[in-house]
Amino acid sequence: MAIIVTGASGLLGPVLVQALRDEGREVVRLVRRTPRAPDEAFWQPGEQVVDLAALDGAEAVVHLAGAPIGDKRWSEAYKRELVSSRVEGTRLLVNAMREVAAPPQVLLSASGVDFYGDTGDREIDEGQGKGTGFLADLCERWEAEAGRAAEAGIRTVRMRTGLVLSKKGGALGRMLPIFKMGLGAPLGSGKQYWSWISVDDWVGAALHVLKHQDVAGPVNFTSPSPVTNTEFTRTLAAALRRSAMPIPVPAFALSAGLGEFAREALLPGHRVLPRKLLDSGYRFTHTHLDEALSAVL
Ligand SMILES: NC(=O)c1ccc[n+]([C@@H]2O[C@H](COP(=O)([O-])OP(=O)(O)OC[C@H]3O[C@@H](n4cnc5c(N)ncnc54)[C@H](OP(=O)(O)O)[C@@H]3O)[C@@H](O)[C@H]2O)c1
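Anyway, here's the lowdown on the structure attached to this text. These figures come from a predicted structure and were not determined experimentally.

## Some thoughts on the pairing of strand β2 (residues 27-31)
Now for step 1: Burial analysis of β2 places four of its five residues in the buried class, the great majority of the element.
Now for step 2: Across four bridges, the pairing between strand β1 (residues 3-6) and β2 is parallel. The residue of β2 that forms the bridge with I4 is V28.
Now for step 3: Taking the sense of rotation as the criterion, the β-α-β connection linking β1, helix α1 (residues 13-22) and β2 turns out right-handed.
Now for step 4: Taken together, the three bridges between β2 and strand β3 (residues 40-44) define a ladder with parallel strand orientation. What sits directly across from R29, in β3, is E40.

Set out below in structure tokens:
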């Protein structure tokens, strides 16, 4: 029985696919172009088309696809794409899972800790309600579509992912060139908490929840030790043996340079704890930022 992966060409997809194959699992990647390999099947969320035969009798679906959050300045049109690529893509997938004769037994669907909005320096877990803002609203709609699989009796995990540490891309990948020049600096007040997770632990946690039948609903994919942005800046600079700038980048300058993305993704704080992962027995490989960065870099 295969595991179906969407968004498999992104930052997290290839690492997860490799880890699944290393465990001897069969993986089929849903691709948005003509399939070129026997382990690929077609879907096109924009046209609401998906290869039903690939899903029929599959064991699980891991749904990672969505237009990249941090790659472009957010115009109104791009914000619509961020939403529609996630909401419509998830709807298509869940409709298909509900339609096939032998539905997959589990859906792991990506989401973000942005769901919680800005929660300051209070520790929060999966019991925390939805916050405010564009990304919180996006996560709510994205998760609601995934929740329709749960309504149909499919075990569904909504992976509320924090900042994944990988040198190949994502937030850390974009920060590295700046920090390597010694130009890293706290952002805004620097007091906002960033909830991070190493890419190894993100994959480890995904494999863990795939196997643990009792884990369902929202699950925070974050390390147990979130840090303030100032601490993150200091630790990253130290890991690269560089100094960080002593003066923070003011919030207004970030907003002017990066627009709404800065106000939504860089300046709000969430001190998120991975309660469900810990309670279900997941053992993190990297619990502290300095050792996680050493491993990643
Ligand atoms: N990395 C993080 O730190 C982080 C944090 C929180 C949440 N997440 C979420 O976790 C998921 C996976 O993260 P990632 O970092 O691997 O994402 P990513 O590198 O941005 O990759 C997402 C993948 O989605 C597909 N995609 C791109 N544009 C699309 C569109 N318009 N419509 C449908 N599919 C599209 C692409 O795969 P194909 O070309 O193969 O279809 C792309 O490789 C994403 O949904 C992301 O928002 C990630």
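The rest of the description comes next.
## Some thoughts on the packing of aromatic side chains
Now for step 1: Applying the stated rule across the entire model yields six aromatic pairs.
Now for step 2: Judged by centre distance (5.5 Å) and plane angle (90°), the rings of F115 and Y116 are edge-to-face.
Now for step 3: F115 gets classed as buried once you look at its relative accessible area, which sits at 9%.
Now for step 4: Taken together, the ring pairs connect W74, F134 and F261 into an aromatic cluster.

## Observations regarding helix α7 (residues 229-239)
Now for step 1: Within the span of α7, buried status applies to N229, F232, T233, T235, L236 and A237.
Now for step 2: For α7, the elements touching its buried residues are β9 (163-165), α5 (170-180), β10 (193-194), β13 (227-228) and α11 (289-296).

## Side note on the packing of helix α3 (residues 76-99) against helix α4 (residues 134-151)
Now for step 1: Axis separation between α3 and α4 bottoms out at 8 Å; the angle between their running directions is 5°. As judged from the angle between their axes, α3 and α4 are roughly parallel. The residues of α4 that touch α3, namely those facing K79, L82, V83, R86, V87, T90, R91, V94, N95 and R98, are F134, L138, R141, W142, E145, A146, R148, A149 and E151.
Now for step 2: A per-class count over the contact of α3 with α4 returns nine nonpolar, two polar and eight charged.

## Considerations on the site of the ligand
Now for step 1: Residues in close proximity to the ligand total 22 residues, the closest being S9, L11, L12, R32 and R86.
Now for step 2: The contact in question runs from an oxygen atom of the ligand to an N or O atom on the side chain of S9, over 2.8 Å.
Now for step 3: The separation between an oxygen atom of the ligand and a polar main-chain atom of L11 is 2.9 Å.
Now for step 4: The fraction of the free accessible surface of the ligand (890 Å²) that becomes covered by protein chains is 81%.
Now for step 5: Those elements that provide at least two residues to the shell around the ligand are α3, β6 (106-112) and β9.
Now for step 6: Here the element with the most residues in the shell around the ligand is α3; it accounts for three residues.
Now for step 7: In terms of residue class, the shell around the ligand is built from 11 nonpolar, eight polar and three charged.

Definitions and limits used
- Residues numbered from 1 in each chain as written.
- Predicted model: local features only at pLDDT ≥ 70, side-chain atom pairs only at ≥ 80, totals over all residues.
- Heavy atoms only, no water.
- Buried < 20%, exposed > 50% of the residue type's maximum accessible area, 1.4 Å probe, protein only.
- Helix = DSSP H or I, 4+ residues; strand = E, 2+ residues; numbered from the N terminus.
- Pairing = 2+ DSSP bridges.
- Right-handed = clockwise from strand over helix to strand, strands pointing away.
- Phe/Tyr/Trp six-rings, centres within 6.5 Å; stacked < 30°, edge-to-face > 60°.
- Contact = heavy atoms within 4.5 Å.
- Axes fitted to C-alpha atoms, helices over the stretch in contact; angles between N-to-C directions.
- Parallel < 35°, antiparallel > 145°, perpendicular 65-115°, else oblique.
- Nonpolar A, V, L, I, M, F, W, Y, C, P; charged D, E, K, R; others polar.
- Near = heavy atom within 4 Å.
- Polar contact = N/O pair within 3.5 Å; in protein donor to acceptor, adjacent residues only side chain to side chain.
- Areas by Shrake-Rupley, 256 points an atom, 1.4 Å probe, with all protein chains shown as cover.

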